[in-house]
Amino acid sequence: MSVHDDLDRHFMQQALALAREAPLIGEVPIAALLVRDDLVIAGAHNLRETDQDPTAHAELLAIRAAARQTRSWRLTDSTLYVTLEPCTMCIGAIVLARIPRLVFGALDPKAGACGSIMNIPPEPMLNHRVEVVGGVCAEESQMLLQDFFRSLRKAAAQKQLHQ
């Protein structure tokens, strides 16, 4: 196992810890951390329900926070850790922010744009390439999501029974 592998697992575990906070406020447990020089410079979990904003994905929130923190929209020399494969909107923002490296956990067979249903990062027409490493702590990421949605379905079924 390389040092990169160890660091990737370390930061993905931090992203998963952040993702576990999301359900406490009714959000889907997806989180993102932006890391530069082995330090977390920004992190966020989804806030779509809280903000009623379809763009309040963890990746975009973390990118915005990192840009404010660094006072630059160019987030070069950084790695973005995300618990779920980014969608088209998020990988677009990753490319536009010039983030050179993306590490994600679980695949997203419904909206994933880094190999699942689309594969945007290697697109030759884009002006920036993103190195993508998928599947880091994938089982844990997937279980977190499955448990969350199972809990929602159970709550909905209970509500139906009591009506």
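See the structure shown above.
**Q** What am I meant to see in the sheet that holds strand β4 (residues 101-106) here?
**A** Neighbouring strands of a sheet are bound in pairs by backbone hydrogen bonds; such pairs are parallel or else antiparallel. The sheet built from five strands is open, its strands ordered β2-β1-β3-β4-β5 with mixed pairing. Taken across any chain shown, the strands that pair with only one partner, and hence form the sheet edges, are β2 (39-45) and β5 (131-133). Direction aside, the axes of adjacent strands within the sheet are offset by 15° on average. Where β4 and β5 come together, three bridges link them in parallel fashion. Looking across to β5, one finds that L102 is bridged to V132.

**Q** Hey, could you run me through the side chain of R101 in this one?
**A** Here R101 shows up in strand β4. Taking the relative accessible area as the measure of exposure, R101 reaches 6% and is therefore buried. Side chain to side chain, R101 and D8 meet in a polar contact 2.7 Å long. In this structure the side chain of R101 is engaged in a polar contact, spanning 3.5 Å, whose partner is the side chain of E131. Look past the residues within four positions of R101 in its chain and what remains in contact with it is H4, D8, S78, T79, L80, Y81, V130, E131 and V133.

What counts, and where the lines are drawn
- Residues numbered from 1 in each chain as written.
- Predicted model: local features only at pLDDT ≥ 70, side-chain atom pairs only at ≥ 80, totals over all residues.
- Heavy atoms only, no water.
- Pairing = 2+ DSSP bridges.
- Helix = DSSP H or I, 4+ residues; strand = E, 2+ residues; numbered from the N terminus.
- Axes fitted to C-alpha atoms, helices over the stretch in contact; angles between N-to-C directions.
- Buried < 20%, exposed > 50% of the residue type's maximum accessible area, 1.4 Å probe, protein only.
- Polar contact = N/O pair within 3.5 Å; in protein donor to acceptor, adjacent residues only side chain to side chain.
- Contact = heavy atoms within 4.5 Å.

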